[in-house]
Protein chains: 2
Amino acid sequence: MMLMNDKRTNESPLLFIKDSLIGENVKRSLKTLADLRGVFHNCEAYEQMSPDTLLYEVTCHLPVEEGTPGGLYFGITRIYPGKVGDEYFMTKGHFHANMNRGEYYWGVEGEGRLIMMDQNRRVWSERMFPGSLHYIPGGVAHRVANIGYSVLSFAACWPSDAGHDYQVILENGFSASLQCVNGNPQLIEI
Amino acid sequence: MMLMNDKRTNESPLLFIKDSLIGENVKRSLKTLADLRGVFHNCEAYEQMSPDTLLYEVTCHLPVEEGTPGGLYFGITRIYPGKVGDEYFMTKGHFHANMNRGEYYWGVEGEGRLIMMDQNRRVWSERMFPGSLHYIPGGVAHRVANIGYSVLSFAACWPSDAGHDYQVILENGFSASLQCVNGNPQLIEI
């Protein structure tokens, strides 16, 4: 019997702690209201808020180079509660540049909606809450809105050769917006 | 303002509840000691145990056909506590058939070791516990052992065109085995 060197057991792990990733090679990015210019429909309400308002932050583990076939990326997004007019704080939303790449999202804490739009601009949503799991098929744009009064966090896993196409959404938007109507979230056609 | 039909919000979600997936299109499989014949090294201890002993169970969400490029699969594995001789209950272990496909594992409950082996048969392990996140690069075989006294559960996300190559592991095994030595888990060269 030969004992192997203990060094072979990795003692500096990567951690997925509720609403963020911690460890080597974890990249953090913050998005403020200024980064989402043109995304919200109520321009007057948008202009009245501080452009420094923090909307969401993302921690990502990107173990291989962007574009690598067969690799995967992992991330956690925290969206703060709030609204711009009647529209909930939400992520920019994107298609994958490599159109047939899918993605999983799953709710970790808080209450939200995953809003999806196919290439025919048909929009639908799924309730997101701790333990909800969502498959986003290839060719489907996706964004998440926080509809609650506390932070919404969700985790994601996607292929390292998916890429992000934010431009189509920035130019044409989604064909529906998730708004607070009489206190309840409703998809409103634009 | 036009309210959209509520049917567009999916009310029958897929759930990821601590140690299993629940929902439509979730596939469950059970593995008993009989399914892992030849995997454990202490043949005498193996033969003395009931072949019906439940080692682990897996619930999987497989939203696209196996082999689909760009799609993803998601699964939860529950490994029961126990040993065959000094060797902890563990999964079969596999390479991906499509060698460059990576995978994420993350610990949900219990205490375990993720054991990895590259194509040069070099073996190492990572501590697995609630919140540990592990990237398994392409070309690396992987299996998980439960080193605790309660159920170990972990979640996984992998490409739908990764496939599984169990045969190489069944024929040649890993070049090291995780065994209980004086009460502690140790990788032992075979």
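Residues numbered from 1 in each chain as written. Chains lettered and ligands numbered in written order. Predicted model: local features only at pLDDT ≥ 70, side-chain atom pairs only at ≥ 80, totals over all residues. Heavy atoms only, no water.

**Comments concerning the UniProt feature "domain: Glucose-6-phosphate isomerase prokaryote" (unreviewed entry) in chain A**
To be explicit about the condition: UniProt positions are given in the numbering used here, feature names are shortened, and annotations may be inferred rather than shown by experiment. The numbering of helices and of strands both runs from the N terminus, where a helix is a DSSP run of H or I of at least 4 residues and a strand a run of E of at least 2.
According to UniProt, the feature "domain: Glucose-6-phosphate isomerase prokaryote" (unreviewed entry) maps to residues 31-173 of chain A in the numbering used here. Taken end to end, residues 31-173 of chain A has its terminal C-alpha atoms 18 Å apart, with 8% of it in helix and 42% in strand.

**What to know about the interface of chain B and chain A**
Heads up, the rule is: Should any heavy atoms of two residues lie within 4.5 Å, those residues are counted as being in contact. Accessible area, probed at 1.4 Å, shrinks when two parts are joined; the buried area is that loss added up over both. Think of a salt bridge as a Lys or Arg side-chain nitrogen and an Asp or Glu carboxyl oxygen that are within 4 Å of each other. As a working rule, the residues Ala, Val, Leu, Ile, Met, Phe, Trp, Tyr, Cys and Pro are called nonpolar, Asp, Glu, Lys and Arg charged, and the rest polar, with Gly in that last group. By the convention used here, strands pair only if DSSP detects at least 2 bridges between them.
Each partner contributes to the interface: chain B provides 50 residues, whereas chain A provides 50 residues. In total, chain B and chain A occlude about 4300 Å² of area from one another, counting both sides; carbon and sulfur atoms represent 62% of this. Applying the counting rule to chain B against chain A returns 0 salt bridges. For the side of chain B that touches chain A, the element with the highest residue contribution is strand S12 (residues 123-128) of chain B, accounting for 5 residues. Along the lines of polarity and charge, the residues of the side of chain B that touches chain A split into 29 nonpolar, 11 polar and 10 charged. In this structure, strand S13 (residues 132-136) of chain A lies alongside strand S3 (residues 14-17) of chain B, joined through 2 bridges in antiparallel fashion. Paired with Leu133 of chain A across the two strands is Leu14 of chain B, which belongs to S3 of chain B.

**Overview of the pattern of salt bridges**
All names here are of chain B. What counts, and what does not: Accessibility here uses a 1.4 Å probe with only protein chains present; expressed as a share of the type maximum, an area under 20% marks a residue as buried, one over 50% as exposed, and anything in between as partly exposed.
Tallied over the full model, the rule gives 12 salt bridges over all chains. For the salt bridge of Asp161 with Arg101, the shortest nitrogen-to-oxygen distance reads 2.7 Å. Pair noted here: Asp161 is in the loop between strand S15 (152-159) and helix H2 (167-172) and Arg101 is in the loop between strand S9 (87-88) and strand S10 (103-109), with a separation of 60 residues, a long-range link. The exposure class assigned to Arg101 is buried, which follows from its relative accessible area of 14%.

**Section: the relation of the copies chain B and chain A**
Applicable threshold: Superposition of the copies used a least-squares fit over C-alpha atoms from residues whose pLDDT is at least 70 in both.
Turning chain B through 180 degrees and shifting it by 0.0 Å along the axis lays it on chain A, with an RMSD of 0.0 Å. Accordingly, the operation relating the two chain copies is best matched by a two-fold axis. Of the residues that chain B buries at the interface, 100% are likewise interface residues in chain A, meaning the two copies contact each other through the same surface.

**A few points about the pairing of strand S10 (residues 103-109) of chain A**
Residue and element names in this part refer to chain A. Most of S10 is tucked away: 7 of the 7 residues are buried. Summarising the sheet, S10 and S13 pair through 4 bridges and their orientation is antiparallel. Following the sheet pairing, Trp106 is matched in S13 by Leu133. The pairing of S10 with strand S15 (residues 152-159) spans 5 bridges and is classified as antiparallel. Counterpart to Tyr105 in the pairing with S15 is Ala156.

**Regarding the sheet that holds S13 of chain A**
The line we're drawing: To get an axis, fit a line to the C-alpha atoms, keeping to the stretch in contact for a helix; angles then go from 0 to 180 degrees between the N-to-C directions.
Spatial strand order, S5(A)-S6(A)-S7(A)-S15(A)-S10(A)-S13(A)-S3(B)-S4(B): 8 strands in an open sheet with antiparallel pairing. Looking along the sheet, the strands with just one partner apiece sit at the ends: strand S5 (26-32) of chain A together with strand S4 (20-22) of chain B. Ignoring strand direction, the axes of neighbouring strands in this sheet form an average angle of 25 degrees.

**Structural notes on the confidence of the model for chain A**
Low pLDDT marks stretches whose predicted atomic positions should not be read closely. Note the cut-off: One confidence number per residue, pLDDT, is output by the predictor and ranges from 0 to 100.
Across chain A, the average pLDDT comes to 93, with 94% of residues at 70 or higher. At the level of chain-chain contacts, confidence expressed as ipTM amounts to 0.93, with global pTM at 0.94.

**Topic: the sheet that holds strand S13 (residues 132-136) of chain B**
Spatial ordering of the open sheet is given by S4(A)-S3(A)-S13(B)-S10(B)-S15(B)-S7(B)-S6(B)-S5(B), a layout of 8 strands whose pairing is antiparallel. Each edge of the open sheet is held by one strand with a lone partner, namely strand S4 (20-22) of chain A together with strand S5 (26-32) of chain B. Neighbouring strand axes in the sheet, compared pairwise and without regard to direction, differ in orientation by 25 degrees on average. Here 3 bridges tie strand S3 (residues 14-17) of chain A to S4 of chain A, and the two strands are oriented antiparallel to one another. In the strand pairing of S4 of chain A, Phe16 of chain A is matched with Leu21 of chain A.

**Examining the packing of aromatic side chains**
Note the threshold: A pair of aromatic rings is counted whenever rings of Phe, Tyr or Trp (Trp by its six-membered ring) have centres within 6.5 Å, and the orientation is called stacked for planes under 30 degrees apart, edge-to-face for over 60 and tilted otherwise. Charge-over-ring placement is defined geometrically: NZ (Lys) or CZ (Arg) within 6 Å of the ring centre, and within 35 degrees of the ring normal.
Overall, the coordinates contain 17 aromatic pairs over all chains when judged by the stated rule. Taken together, a centroid distance of 4.6 Å and an interplanar angle of 50 degrees make the contact between Tyr105 of chain A and Phe154 of chain A tilted. Of this pair, Tyr105 of chain A sits in strand S10 while Phe154 of chain A sits in strand S15, and the two are 49 residues apart along the sequence. Each member of the pair, Tyr105 of chain A as well as Phe154 of chain A, carries the same accessibility label: buried. Aromatic side chains Tyr73 of chain B and Trp158 of chain B sit 5.9 Å apart centroid to centroid with 75 degrees between the ring planes, which places their arrangement in the edge-to-face category. One end of the pair, Tyr73 of chain B, is in strand S7 (residues 72-79); the other, Trp158 of chain B, is in strand S15, and 85 residues separate them in sequence. Accessibility classification places Tyr73 of chain B together with Trp158 of chain B in one group, the buried group. We note Lys92 of chain A situated over the ring of Tyr166 of chain A; from NZ or CZ to the ring centre the distance is 5.3 Å.

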